[in-house]
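# Tertiary structure, described
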Amino acid sequence: YQYRKRSVGVGNSANDYTQVYELIDAVSPADSPNSAQINLEVLGTAVDWEAWMRHFAVQRTVGNWDSYGWERGKNDYLYRTANGFVHMPWDIDYNLGLGKPADAPLFGSNDARVQAMFNTPAIARAYWRAFQDIVDGPFNNATLDPFIDDRASALVANNVNIDLEAVARIKAY
């Protein structure tokens, strides 16, 4: 893994990785790096784990296996907020049926520390809450279909050749 600072405030060193080391120690403590669960008190000092589970749930929901928290451990930026580190995705090109299918397992990961997060009951509940919010909100067909239809109609109106069957598959995904 590589951690490279992208932004450094005035008077701060681009070589000071203290907060990144605190994150690593919170997720993988030196005294128990292989523990089956995560210590929430320690993790909460470094990350907003509720936001992490929302991020992981979005990646799973759209089928983007090429992301941190699933199979690849990449394609995320981390940034620090007042509540700790949170994820910002990028390079989401495997999704909505082009990546993993909608019925892919929800709790697998190739990263033992992510698996330890999933094994931690409070974190797993946050993960489930995130899925519930996605299903009830943006992925609800009453919300999503008009959004998709408007964009598809705009493309067709501008003589853009689109695959309407693919549009239908996305809506059914």
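The present account deals with the structure reproduced in this document. All figures in this text were calculated on a predicted structure; none of them were measured in a lab.

### Digging into the packing of helix α3 (residues 49-62) against helix α5 (residues 121-136)
To characterise two packed helices, one gives the angle between the axes of the helices and the distance between these axes. The contact between α3 and α5 brings their axes to 8 Å, and the two run at 50°. Classified by the angle between their axes, α3 and α5 sit oblique to one another. Crossing angle aside, the handedness with which α3 passes α5 is right-handed. Facing Trp49, Glu50, Met53, Arg54, Phe56, Ala57, Val58, Arg60 and Thr61 of α3, the residues of α5 in contact are Ala122, Ile123, Ala126, Tyr127, Arg129, Ala130, Phe131, Asp133 and Ile134.

### Concerning the environment of serine 32
As for its position among the elements, serine 32 is in the loop between α1 (18-27) and α2 (40-46). With 82 residues separating them in the primary sequence, serine 32 and valine 114 have C-alpha atoms 15 Å apart.

### Overview of the pattern of salt bridges
Inspection of every chain in the model, using the stated rule, returns three salt bridges. Between glutamate 50 and arginine 129 there is a salt bridge, and its shortest N-O distance comes to 2.8 Å. Taken together, the residues span a long stretch of sequence, with glutamate 50 in helix α3 and arginine 129 in helix α5 at a distance of 79 residues. When its relative accessible area of 25% is taken as the criterion, glutamate 50 is described as partly exposed. Using a relative accessible area of 38% as the deciding quantity, one classes arginine 129 as partly exposed.

Here is what the cut-offs are and how they apply
- Residues numbered from 1 in each chain as written.
- Predicted model: local features only at pLDDT ≥ 70, side-chain atom pairs only at ≥ 80, totals over all residues.
- Heavy atoms only, no water.
- Axes fitted to C-alpha atoms, helices over the stretch in contact; angles between N-to-C directions.
- Helix = DSSP H or I, 4+ residues; strand = E, 2+ residues; numbered from the N terminus.
- Parallel < 35°, antiparallel > 145°, perpendicular 65-115°, else oblique.
- Left-handed = near helix turned anticlockwise from the far one by under 90°.
- Contact = heavy atoms within 4.5 Å.
- Salt bridge = Lys/Arg side-chain N within 4 Å of Asp/Glu carboxyl O.
- Buried < 20%, exposed > 50% of the residue type's maximum accessible area, 1.4 Å probe, protein only.

Geometric descriptors of this kind do not, in isolation, establish any biological role.
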